[in-house]
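# Descriptive structure summary
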Amino acid sequence: MKNIDTEFSLTAVPSSYRNGFWKTLVVMLGLTFFSASMWSGGELGQGLSFIQFMAIVLTGNFILGAYTGLLAYMAAKTGLSTHLLARYAFGEKGSYLASFLLAFTQIGWFGVGTAMFAIPVQKVTGIDIYILIGIAGILMTFTAFFGMKALAIISFIAVPLIALLGGTSVLKATESLGGVQVLLQYEPAETMSLAVALTICIGSFISAGTLTPDFTRFARKKRSAVVATVVAFFIGNTFMFLFGAVGSVATGQADISEVMFMQNLILPAIIVLGLNIWTTNDNALYASGLGLSNITKIAKHKIVIFNGIIGTLGAMWLYNNFVGFLTILGSALPPIGAILLADFFILRRGHYRAFHEMTFTAINWIALFAWGTGIAAATLLPGIPPMNALIGAAVTHVVVTKLVASAKEKEVILTNTEKVGQ
């Protein structure tokens, strides 16, 4: 009997394997309760008044929610991952570029996350850092191997605990400041521009948000996928930013580990933040497996083991040398999502032909040109780089596609006219 790839790495997820709203919400909360967002929140807390901070976070999450919600709709309607959806817009071989960049970035962040967990544990316990990295890498790879079921279980455990820990930290911080009224009246010593603040808020998660279809393709209903995704971003991202910002205001430290240490919460923080990093790393490994599966045509669960080994072996090097490069590389990912959205909602009017019926072009050069334009817009234009990338890529893809189609249509008309004249 032929084994079924229950993660559907290379096919659409059939209706019999789809999940309801609550399971989708739990998985998406596990994705959005992201430890690094607490560091970003701490950075914002150092440069904004509390009122400005809340306005920026809500605005940023509205944009992220709209972006990821639309991607979730696509995934639930088609049952396809980000990488398989990319074949429609980029062509089959063109989608390999998107898959490689997404997979490469996620393997990098897996290694960084593994080291982020091991370093504070080593400081407290004295256990050799490489032993800790090895144990953490093996455990995280093991759960990622089992796919969506394991992701849901780990998220179900981690999300309430991180909410409890963060809430405790916020209460301690607020008490130390002198109450909520003092927090609301807080003004930073050095201010941050609102454009920079919004860039941090959106940019901290938009790359991971591009991978939303990898998880929401299992949703039974399109509405459930969209609502679960938007709610998860508003709850998860808002709370993680809030936990980081309030602790930063109270202690003067943007690093959440330092905040927890000063609040005598470091031991529970190691456990809870460790679980939180676990969910984030499992999501990263899962997504990277789907990306390389699209290129190699090997089932995702086999690729996950390879990716986990690479990320674990390179964890300390990645932590010490790779974060800056991954951040820069992250600017290349949002245009991919923008092109997918523009292609599906504008050019194809919300409908793709069934994946198993498609014969894809090898490379859609227009999509690759639009992708490059999006990166250039993020790098060169003033304003908010992630938004520049999204708008630049989407507009270019639509406009150039329509111009080329119009030119081909005119060429056909002229050719037919010449034939009639003859």
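Here's what I pulled together on the structure shown here. (Residues numbered from 1 in each chain as written. Predicted model: local features only at pLDDT ≥ 70, side-chain atom pairs only at ≥ 80, totals over all residues. Heavy atoms only, no water.)

## Considering the overall build of the protein chain
When helices and strands are counted, the protein chain shows 20 helices and zero strands. Taking the principal axes of the C-alpha coordinates as reference, the protein chain spans close to 90 × 55 × 40 Å. Expressed as a percentage of the 422 residues in the protein chain, the buried residues total 55%. At a minimum sequence separation of 6, the contacts of the protein chain that also span at least 24 residues come to 86%. When the accessible surface of the protein chain is totalled, it reaches about 18,600 Å², and 69% of it is carbon and sulfur. Of the side-chain charges in the protein chain, 24 are positive and 17 negative, and the distance between the mean point of each set is 14 Å. (Helix = DSSP H or I, 4+ residues; strand = E, 2+ residues; numbered from the N terminus. Buried < 20%, exposed > 50% of the residue type's maximum accessible area, 1.4 Å probe, protein only. Contact = heavy atoms within 4.5 Å. Areas by Shrake-Rupley, 256 points an atom, 1.4 Å probe, with all protein chains shown as cover. Lys, Arg positive; Asp, Glu negative; His and termini not counted. Charge placed at Lys NZ, Arg CZ, Asp CG, Glu CD.)

## Some points on helix H12 (residues 222–251)
The terminal C-alpha atoms of H12, which comprises 30 residues, lie 43 Å apart, in line with the 44 Å expected from a rise of 1.5 Å per residue. Of the residues flanking the end of H12, it is glycine 252, one or two places downstream, whose phi is positive at about 80°. (Expected span 1.5 Å × (residues − 1).)

## Digging into helix H3 (residues 50–78)
The end-to-end C-alpha separation of H3 is 41 Å, in line with the 42 Å expected for 29 residues at 1.5 Å each. In the segment just after H3, glycine 79 is the residue with positive phi, at about 75°.

## Some points on the packing of aromatic side chains
Two aromatic rings, taken as a pair, are described by how far apart their centres are and by the angle between their planes. Scanning the entire structure with this criterion turns up 14 aromatic pairs. Ring geometry for phenylalanine 100 versus phenylalanine 104: centroids 5.7 Å apart, planes at 10°, classification stacked. With phenylalanine 100 and phenylalanine 104 both in helix H5 (residues 94–125) and four residues apart, the pair spans about one turn of that helix. Assessed through its relative accessible area of 43%, phenylalanine 100 is described here as partly exposed. (Phe/Tyr/Trp six-rings, centres within 6.5 Å; stacked < 30°, edge-to-face > 60°.)

## What to know about the nonpolar core
With 93 residues, the main nonpolar core has Leu44, Phe53, Met74, Phe90, Leu165, Phe215 and Ile339 as its most contacted residues. Looking at which element gives the most residues to this core, the answer is H12, with ten residues. Not counting chain neighbours up to four residues away, the residues in contact with methionine 74 comprise Gly79, Leu85, Leu340, Leu341, Phe344, Phe345 and Tyr352. (Core = buried A, V, L, I, M, F, W, Y, C linked by side-chain atoms within 4.5 Å.)

Everything listed here is a matter of coordinates, which is why it stays silent on function.
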